[in-house]
Amino acid sequence: MIQPLNGNVRVNRFTDNRLILVLLLVVLLLLTVIVDDKFDRPKVVQFYDGLKTHIIKTYENDVDSFLRSQNISLAKSDILLNSLSEPLRDSMEIRLIKVSEEIVIEEEAVNCRQVMRLSETLPPPEAYELRPGKNGVKKNYYKLTYQNSVQKSRQLLGDVVSEKPVDRIILCGREAFRSSAESLDCRPMSFNVTVAADAGGRWTEELKTNGAMLGIAMVSSKFLQEGSIVELEGYGKFIVKNDEQKMSPAPENVAGSQASGGSNIRIILPREISKNFSARKRNVKLKLI
């Protein structure tokens, strides 16, 4: 038989238990955090890589991890305008300046000098070119620095003279010596040449040690200094010796004679070589080496 309930019976509700309510709220909070982490929205970043611009979606949290995710390695000279530890934000800009260096070599001409030598034996207005000048070459080494392929600096590291200039040598009379070398009408210097064999053996040892030099040229010190190296047209190269006793002036004002200053030059050769040349020859051009 069912007994009727009286007014003393109490029904417990779920919301009346505070402990259960608190636990339920904690669980819901944890679930919210987990779900929010799982479904985090990506950040949109503008990445300036040198001259290129990229719009990239990323879940990374800082600049360092972002660069690693893009396989970007920083060179020692590169410039990053952001800190590696800077947190990523939506619509953030990351700027990387690519720096490169290059060594270039540029050639520069080195002007030769013009050297004028006074000779009292030449007529005052006369001038003769003993040696034509030749400009040298200097190599300049520069370091060029580029930022995003745009040159930003140019630094001279040093220079090396690869070809030395050769001075232009002009032999002048007194009047020509006072003039400018550029304004002079310089002619090639020529001599009357006499070929002599080293009959007495005086120059035997020196002729052996001259190497590529063919022989010895006896020239007055008024024209060339001893030890100079000259080239005579049709004969070859010679080492100059000053032996005034062996030198005799050529007759001046002789028809057809154009020897500079009316001077002779005597070349000494080994006996077996001297036979291959004429004993005398006029107006032989001379060039100082």
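Residues numbered from 1 in each chain as written. Predicted model: local features only at pLDDT ≥ 70, side-chain atom pairs only at ≥ 80, totals over all residues. Heavy atoms only, no water.

Visitor: Any chance you could explain the overall build of the chain here in plain terms?
Guide: Across its full length, the chain holds five helices and 16 strands. Relative to its full complement of 289 residues, the chain shows a buried share of 31%. (Helix = DSSP H or I, 4+ residues; strand = E, 2+ residues; numbered from the N terminus. Buried < 20%, exposed > 50% of the residue type's maximum accessible area, 1.4 Å probe, protein only.)

Visitor: Looking at this structure, how should I read the sheet that holds strand β4 (residues 92-97)?
Guide: Whether parallel or antiparallel, the strands of a sheet pair through hydrogen bonds between backbone atoms. Read across the open sheet, the four strands follow the order β2-β1-β4-β3; overall the sheet is mixed. Of all the strands in the sheet, the pair left with one neighbour each is β2 (52-58) and β3 (79-80). (Pairing = 2+ DSSP bridges.)

Visitor: What should I look at first to understand the sheet that holds strand β8 (residues 136-147) in this one?
Guide: Across the sheet, three strands lie side by side as β5-β8-β9; this open sheet has antiparallel pairing. Each edge of the open sheet is held by one strand with a lone partner, namely β5 (99-110) and β9 (150-163). Each strand of the sheet is rotated relative to its neighbour by a mean of 20 degrees, with strand direction disregarded. As defined by bridge partners, β8 adjoins β9 across eleven bridges and the pair is classed as antiparallel. Counted as the bridge partner of Asn140 is Asp159 from β9. (Axes fitted to C-alpha atoms, helices over the stretch in contact; angles between N-to-C directions.)

Visitor: It is not clear to me how the packing of aromatic side chains should be interpreted in this structure. Could you clarify?
Guide: This model, assessed by the stated rule, comprises three aromatic pairs. Note on Phe47 and Phe66: the rings are 5.5 Å apart at their centroids and 85 degrees apart in plane angle, and the pair reads as edge-to-face. One end of the pair, Phe47, is in strand β1 (residues 43-49); the other, Phe66, is in helix α2 (residues 63-69), with 19 residues separating them in the sequence. The residues Phe47 and Phe66 share a single accessibility class, namely buried. Ring geometry for Phe191 versus Phe223: centroids 5.6 Å apart, planes at 80 degrees, classification edge-to-face. With Phe191 in strand β11 (residues 187-197) and Phe223 in the loop between β12 (215-218) and β13 (229-232), this pair connects stretches of sequence that are 32 residues apart. Assigned by exposure class, Phe191 and Phe223 land together as buried. The ring of Tyr48 has Arg95 lying over it, and the distance from NZ or CZ to the ring centre is 3.9 Å. (Phe/Tyr/Trp six-rings, centres within 6.5 Å; stacked < 30°, edge-to-face > 60°. Lys NZ or Arg CZ within 6 Å of the ring centre and 35° of its normal.)

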